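Descriptive analysis of the structure
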Amino acid sequence: MERTLSIIKPDGTSRGLIGEVIKRLEENNIKIIAAKMIHMTKKQAQGFYAVHKERPFFDSLTDFMSSGPVVVMALTGENVIPRYRELMGATDYRKAAEGTIRKDFATDIEKNIVHGSDAPETAAFEISYFFNSFEIVA
Ligand code: ADP
Ligand code: MG
C-alpha cells in the first residue's frame, strides 16, 4: 500500500470545493488516513515547495499557498500516488483530461485546486512535513 500527500489549496477551500475533492477520493476507493485544516505561513510554504525554489513562479506560488487555509490529507491505497495524480489532472488545467479535478474547477495554472505528491520519496517527505506518527490512523 502506497501513501501520498494531498492538499486542497486556498482556492479550493475558499470556493467550497473541499467536499467535492473528498467525494472524488471516496468514490475512487482512496482512503484518508490523516487530515487537518491549516493556514501556512510564507516560510512554511517555502519549506514545503523547496524543490521549486529556483523556479520563476516560486514567490507567487508560496504567496498563494500561504494566502488562506488549506486542507492537508495523507492518503493510502494501491498505487495511490499515480491514481490521485490522475484524478487531479495535469498541472495546467487547459491540458488536463476531461473529468479531472483541475479540468473541472481550476482557473489558473497556479490556482489549480489541489496538490498531490509525485513519487514515494516526495510523498514520505511531504507527509512528515505536516503529520507526526500519532496523527496518522493507519
Ligand atoms: P504539480 O502540482 O502538478 O505537481 P508542479 O510540481 O510542477 O505541478 O508545480 C507545483 C505548483 O506550482 C503547481 O501545482 C502550480 O500551483 C504551480 N505552478 C507550476 N507551474 C507553474 C507556472 N508555469 N506558473 C505558475 N505557477 C505554476
Ligand atoms: Mg509537483
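**Observations concerning helix 4 (residues 58–65)**
When helix 4 is considered as a whole, its buried residues turn out to be Phe58, Leu61, Thr62, Phe64 and Met65. Projected onto a plane normal to the axis of helix 4, the buried residues spread over an arc of 155 degrees and lie on a single side. The inward-facing, buried residues of helix 4 abut strand 1 (2–8), helix 1 (10–14), helix 3 (42–48) and strand 3 (70–77).

**Comments concerning the layout of surface pockets**
Roughly 540 Å³ of volume is contained in the largest pocket. Tyr49, His52, Leu61, Thr91 and His115 are the residues nearest the centre of the largest pocket, which is lined by 23 residues in total. Every element with two or more residues in the lining of the largest pocket is listed here: helix 5 (80–88), strand 4 (114–116) and helix 7 (120–130). With three residues, helix 7 is the single largest residue contributor to the lining of the largest pocket. Residue composition of the lining of the largest pocket, grouped by class: nine nonpolar, seven polar and seven charged.

**So, the site of ligand 1**
Every residue near ligand 1 is listed here: Lys9, Tyr49, His52, Phe57, Leu61, Arg85, Thr91, Arg102, Ile109, Glu110 and Asn112. Between ligand 1 and His52 there is a distance of 2.9 Å, counted from an oxygen atom to a side-chain nitrogen or oxygen. A distance of 2.9 Å is found between an oxygen atom of ligand 1 and a side-chain nitrogen or oxygen belonging to Asn112. The pocket occupied by ligand 1, as judged from atoms lying within 2 Å of grid points, is the largest pocket.

**Considerations on the nonpolar core**
If you look at the biggest cluster of nonpolar residues, it comprises 19 residues, and the most contacted ones within it are Leu5, Ile7, Met65, Phe130 and Phe131. Per element, the largest residue contribution to this core is four residues, and it comes from helix 4. When neighbours within four sequence positions are excluded, Leu5 is seen to be in contact with Phe48, Met73, His115, Gly116, Ser117, Glu126, Ile127, Phe130 and Phe131.

**Some points on the pattern of salt bridges**
Across all of its chains, the model carries 11 salt bridges by this definition. Residues Asp104 and Arg24 are paired through a salt bridge, measuring 2.8 Å at the closest nitrogen-oxygen approach. Residue Asp104 is located in helix 6 (residues 101–105), and its partner Arg24 is located in helix 2 (residues 18–27); the two are separated by 80 residues in the primary sequence. Here Lys36 makes a salt bridge to Glu135, at a shortest N to O gap of 3.3 Å. Residue Lys36 is located in strand 2 (residues 31–38), and its partner Glu135 is located in the segment after helix 7; the two are separated by 99 residues in the primary sequence.

Reading guide: rules and limits
Residues numbered from 1 in each chain as written. Chains lettered and ligands numbered in written order. Predicted model: local features only at pLDDT ≥ 70, side-chain atom pairs only at ≥ 80, totals over all residues. Heavy atoms only, no water. Buried < 20%, exposed > 50% of the residue type's maximum accessible area, 1.4 Å probe, protein only. Helix = DSSP H or I, 4+ residues; strand = E, 2+ residues; numbered from the N terminus. Arc of directions from axis to C-beta. Contact = heavy atoms within 4.5 Å. 1 Å grid on protein atoms, 1.4 Å probe; cavity = no way out; pocket = protein on both sides within 12 Å on 5 of 7 lines; lining within 4 Å. Points joined across faces, edges and corners; volume = space filled by probe spheres on them. Nonpolar A, V, L, I, M, F, W, Y, C, P; charged D, E, K, R; others polar. Near = heavy atom within 4 Å. Polar contact = N/O pair within 3.5 Å; in protein donor to acceptor, adjacent residues only side chain to side chain. Sits in = over half its atoms within 2 Å of the grid points. Core = buried A, V, L, I, M, F, W, Y, C linked by side-chain atoms within 4.5 Å. Salt bridge = Lys/Arg side-chain N within 4 Å of Asp/Glu carboxyl O.

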